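Residues per chain are reported as follows:
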Amino acid sequence: MAAAGMGVLPCGAFASECSGLRRPDAAPTQQQQLMGKARPSLRVGAATIRMAVSVGKKPYVTQKSEEIFTAAKELMPGGVSSPVRAFKSVGGQPIVFDRVKGSHAWDVDGNEYIDYVGTWGPAIIGHADDEVNAALVEALKKGTSFGAPCVLENILAELVIAAVPSIEMVRFVNSGTEACMGMLRLARAYTGREKMIKFEGCYHGHADPFLVKAGSGVATLGLPDSPGVPKSATSATLTASYNDLQAVTELFEQYKGEIAAVVLEPVVGNSGFIVPNLEFLKGLRELTQAEGALLIFDEVMTGFRIAYGGAQEYFGITPDLTTLGKIIGGGLPVGAYGGRKEIMQLVAPAGPMYQAGTLSGNPLAMTAGICTLRRLQKPGTYSYLDQITKNLTNGLLQAAKDAGHKVCGGHIGGMFGFFFTEGPVNNFDDAKRSDTAKFARFHRGMLERGVYFAPSQYEAGFTSLAHTYEDVDFTIAAAKEVFKSI
Ligand SMILES: *Cc1c(COP(=O)(O)O)cnc(C)c1O
C-alpha cells in the first residue's frame, strides 16, 4: 500500500559522517554580494543595530522583538507557549515573528530571514501556501469545528493510509503529544503489558511516561525528567541508548513478557539529527516480533518528511504502530496514530480503549492536511527536497571545515543537521560532545545575516519545496562568514 516509486536507499547515502563533497561554485547572487558589506555593530538603546545583509541596506534592528518579548515574560512563563522558542540554549532574545511566506519569515522589526525551522516541520510545502490558504478560506465559510463526522476526515485518512505502509486505520488527534499518548495506551491495551522501551534523546511529546532522563549510555530504569511527573508514571519506562541493539536485547531478557512496546524516532530529530543504522532497525523489528511486543515508530517529525511514506518506507521496515503530526496538519494542529486494523479496532468506540477529542478531525485542520499531502504527491517533490538539502548540508559542512571547525552532519530528504564535533554521532551521548557554545555563536551570526536556524544544537533543520537554490547559496555564503568569525 506504500506509494510507488519511493525505493529504499542505502544507509551509506546519508551516513552521519562528515561529507567531503563540495558543491560546484556558482556565481555569487546579489544577496551574496550584499553580504560582503556587513558593517560592525553598534548599540542603540536596548537594541542591537547591525548593517543588514539579507534585506538590502536596512540596519538589523530587533528593538520591537525585545519589547514584545520583555512584556511576554510577564504574561506567560518564559514569555513563550513552548520552551525552545525562548532561545535559552543559544542565549540572547528570541525574534518575534510577524509573518511567514514560502521559505521566508519576517520579524516585527521588518527583518527578513530564510527559515530553516518551518514551524518545526509542518511547513514542508512552504509557509502560507496560496492554495492551502484559499482552501482554508473556503473551509472557514462552512465552519471551523463540527464535533460531528465530516467527509474531510475520510479524505485525509485515505491519504494517510495509502501513504504509510504500517497504517490500515487511523485516529486523528490535535498534536503529536496526544498521538503518542494514544499510541502508548493502545500498545498497552493490545499486549496487556505495561513496560515500554524508549531511547535516550528521543522525544515523544510531553506526556508523563515519556519524560524520562536516561542514564549515560547504559540502559537504565526510568526516572522522571521533570518535577511534577510522579515516579509511578515513569516506572514502566525503560531507556536505552539509540543504535544500541544489545541494550534492548538485555532489557527484553531482564523483563521477559513484560514489555509492551519499543518506541523510537526512526530518524532522530529531537537531539539533533541522528540517523539509525539499518541493522539496529532490523534488529528491533525482529526482536519485538520474537518477544510479542509492538514496534512503534514515532513519525511525528519524519512522516511525509524524509519520504512520502515516512521513515518506514525509506528504510523498508514496517512497525506495528505509527504516530504522525506536524506535516499532516499542514500548519494547523493535527496528530494521528495508526496501525493494523486488528490493533486499531481496540480504540473506542470500536473497542474498549478510551481516547477522545473535542476538536479532533476539525474541518480546518483536515483541509490544510489534505492540501499539503496532495502537493507532496506531485512527482519530483522528494528528489527536489533531497537535492536542495544535500547542497545545503554539504555546503555548510565544507564551509565549517574550511574555517577549521570540527563538524559532522547529514540529511535525509528535507531534514538535516550538523554538530560541532568530529563525530560520528550515533546517540545522544555522542551528540552531547558538540560544542554548544560555538553553536550559539553560529546561530547568532546567522540570524544577523538573515538566516533563521532552530535555536538549539539539539534540533534538526528543515527545508521546504519553497526553498530555492538561491536561498541555499545565500545561506552557505553567510555561513562562510560566520564560521570564520566564531
Ligand atoms: C514534535 C514531536 C512530538 C510532539 O508533537 P507536538 O505536536 O509538539 O505535541 C512527538 N514526537 C516527535 C518525534 C516530535 O518530533
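For the structure, see preceding data.
Parameters at a glance
- Residues numbered from 1 in each chain as written.
- Predicted model: local features only at pLDDT ≥ 70, side-chain atom pairs only at ≥ 80, totals over all residues.
- Heavy atoms only, no water.
- 1 Å grid on protein atoms, 1.4 Å probe; cavity = no way out; pocket = protein on both sides within 12 Å on 5 of 7 lines; lining within 4 Å.
- Points joined across faces, edges and corners; volume = space filled by probe spheres on them.
- Helix = DSSP H or I, 4+ residues; strand = E, 2+ residues; numbered from the N terminus.
- Nonpolar A, V, L, I, M, F, W, Y, C, P; charged D, E, K, R; others polar.
- Salt bridge = Lys/Arg side-chain N within 4 Å of Asp/Glu carboxyl O.
- Buried < 20%, exposed > 50% of the residue type's maximum accessible area, 1.4 Å probe, protein only.
- Pairing = 2+ DSSP bridges.
- Axes fitted to C-alpha atoms, helices over the stretch in contact; angles between N-to-C directions.
- Left-handed = near helix turned anticlockwise from the far one by under 90°.
- Contact = heavy atoms within 4.5 Å.
- Core = buried A, V, L, I, M, F, W, Y, C linked by side-chain atoms within 4.5 Å.
- Phe/Tyr/Trp six-rings, centres within 6.5 Å; stacked < 30°, edge-to-face > 60°.
- Right-handed = clockwise from strand over helix to strand, strands pointing away.

*Asks:* Sorry if this is basic, but what is going on with the layout of surface pockets here?
*Replies:* Picture a little ball the size of a water molecule; that probe, rolled over the atoms, points out where space is still empty. The volume enclosed by the second largest pocket comes to roughly 490 Å³. Glu153, Val170, Arg171, Phe172 and Ser360 are, among the 26 residues lining the second largest pocket, the residues nearest its centre. Of all the elements in the fold, those that place two or more residues in the lining of the second largest pocket are α4 (151–163) and β7 (169–173). It is β7 that provides the largest number of residues to the lining of the second largest pocket, a total of 4 residues. Within the lining of the second largest pocket, the residues separate by chemical class into 15 nonpolar, 9 polar and 2 charged.

*Asks:* I'm lost on the pattern of salt bridges in this one. Help?
*Replies:* Think of it this way: side chains of opposite charge can pair up when their charged atoms draw near. Throughout the structure, instances matching the rule amount to 14 salt bridges. Across the pair Arg285 and Asp320 runs a salt bridge whose closest N-O atoms are separated by 2.8 Å. You can see Arg285 sitting in helix α8 (residues 278–291) and its partner Asp320 sitting in the loop between α9 (310–315) and β15 (321–324), a full 35 residues away along the chain. Arg285 sits in the buried class, given a relative accessible area of 11%.

*Asks:* Where do I start with the sheet that holds strand β4 (residues 97–101) in this structure?
*Replies:* Strand pairs in the sheet, formed through backbone hydrogen bonds, run parallel or antiparallel to each other. Read from one edge to the other, the open sheet built from 4 strands follows the order β4-β5-β6-β19, with strand pairing classed as mixed. With partners counted over all chains shown, the strands left at the sheet margins are β4 and β19 (451–452), one partner each. Here 2 bridges tie strand β6 (residues 112–115) to β19, and the two strands are oriented parallel to one another. Paired with Asp115 across the bridge in β19 is Tyr452.

*Asks:* Even after reading the chapter, I still don't get the packing of α4 against helix α11 (residues 363–376), so can you show me in this structure?
*Replies:* Pairs of packed helices are described in terms of their axes, by the angle between the two and the distance that separates them. In the contact formed by α4 and α11, the axes pass within 9 Å of each other and the chain directions differ by 35°. Crossing angle aside, the handedness with which α4 passes α11 is left-handed. Residues Leu152, Glu153, Ile155, Leu156, Leu159 and Val160 of α4 touch α11, and the partners they reach there are Pro363, Met366, Thr367, Gly369, Ile370, Leu373 and Arg374. Along the lines of polarity and charge, the residues of the contact of α4 with α11 split into 9 nonpolar, 2 polar and 2 charged.

*Asks:* Could you clarify how one ought to interpret the nonpolar core in this entry?
*Replies:* Across soluble globular proteins, you tend to see nonpolar side chains buried next to one another. Ile197, Phe199, Val248, Leu264 and Phe315 are the most contacted members of the largest nonpolar core, which has 42 residues in total. Those residues within four positions of Phe199 in sequence are excluded, and the remaining contacts are Ala240, Ser241, Tyr242, Val248, Val262, Val263, Leu264, Phe280 and Leu284.

*Asks:* Help me understand the sheet that holds strand β18 (residues 415–419), please; the structure alone is not making it clear to me.
*Replies:* Taken in spatial order, the 3 strands line up as β17-β18-β20 in an open sheet, and their pairing is antiparallel. What marks the edges here is a single partner per strand, and that holds for β17 (408–412) and β20 (461–462). Here 5 bridges tie β17 to β18, and the two strands are oriented antiparallel to one another. Counted as the bridge partner of Ile412 is Met415 from β18. On top of the sheet, helix α12 (residues 381–402) reaches β17 and β18; it is set at about 175° to β17, its chief contact.

*Asks:* Honestly, the packing of aromatic side chains in this entry has me stumped. Any pointers?
*Replies:* For any pair of aromatic rings, the description consists of the separation of the ring centres together with the inter-plane angle of the planes. Evaluation of the coordinates by the stated rule reveals 23 aromatic pairs. Note on Phe199 and Tyr242: the rings are 5.9 Å apart at their centroids and 85° apart in plane angle, and the pair reads as edge-to-face. With Phe199 in strand β8 (residues 195–199) and Tyr242 in the loop between β12 (237–240) and α7 (245–254), this residue pair connects regions lying 43 residues apart in the sequence. You can call Tyr242 buried: its relative accessible area is 2%. Look at Phe439 and Phe442: their rings are 6.1 Å apart centre to centre, the planes differ by 45°, and that puts the pair in the tilted class. Residue Phe439 and its partner Phe442 are located together in helix α14 (residues 436–448), separated by 3 residues, close to a single helical turn. Judged by its relative accessible area of 5%, Phe439 is buried. Feature note: the residues Tyr116, Phe416, Phe418, Phe420, Phe439, Phe442, Phe453 and Phe483 constitute an aromatic cluster, connected by ring pairs.

*Asks:* Got a minute to help me understand the pairing of strand β14 (residues 294–298) in this structure?
*Replies:* The two faces of a sheet get side chains in turn, since along a regular strand they alternate between them. For β14, the tally of buried residues reaches 5 of 5 residues, placing the bulk of the element in the interior. Where strand β13 (residues 259–264) and β14 come together, 4 bridges link them in parallel fashion. When the sheet's bridge partners are listed, Val262 is paired in β14 with Leu295. Once you follow β13 into α8 and on to β14, the crossover reads as right-handed. Here β14 pairs with β15 via 3 bridges, running parallel. Following the sheet pairing, Asp298 is matched in β15 by Thr323. A crossover links β14 with its parallel partner β15, the connecting element being α9, and its sense is right-handed.

*Asks:* Would you mind going over the pairing of β12 with me for this structure?
*Replies:* The alternating pattern of β12 places Thr237 and Thr239 on one face and Leu238 and Ala240 on the opposite face, and all of these are buried. As paired elements, β8 and β12 share 4 bridges and run parallel to each other. Pairing of Met196 across the sheet is with Thr237, part of β12.

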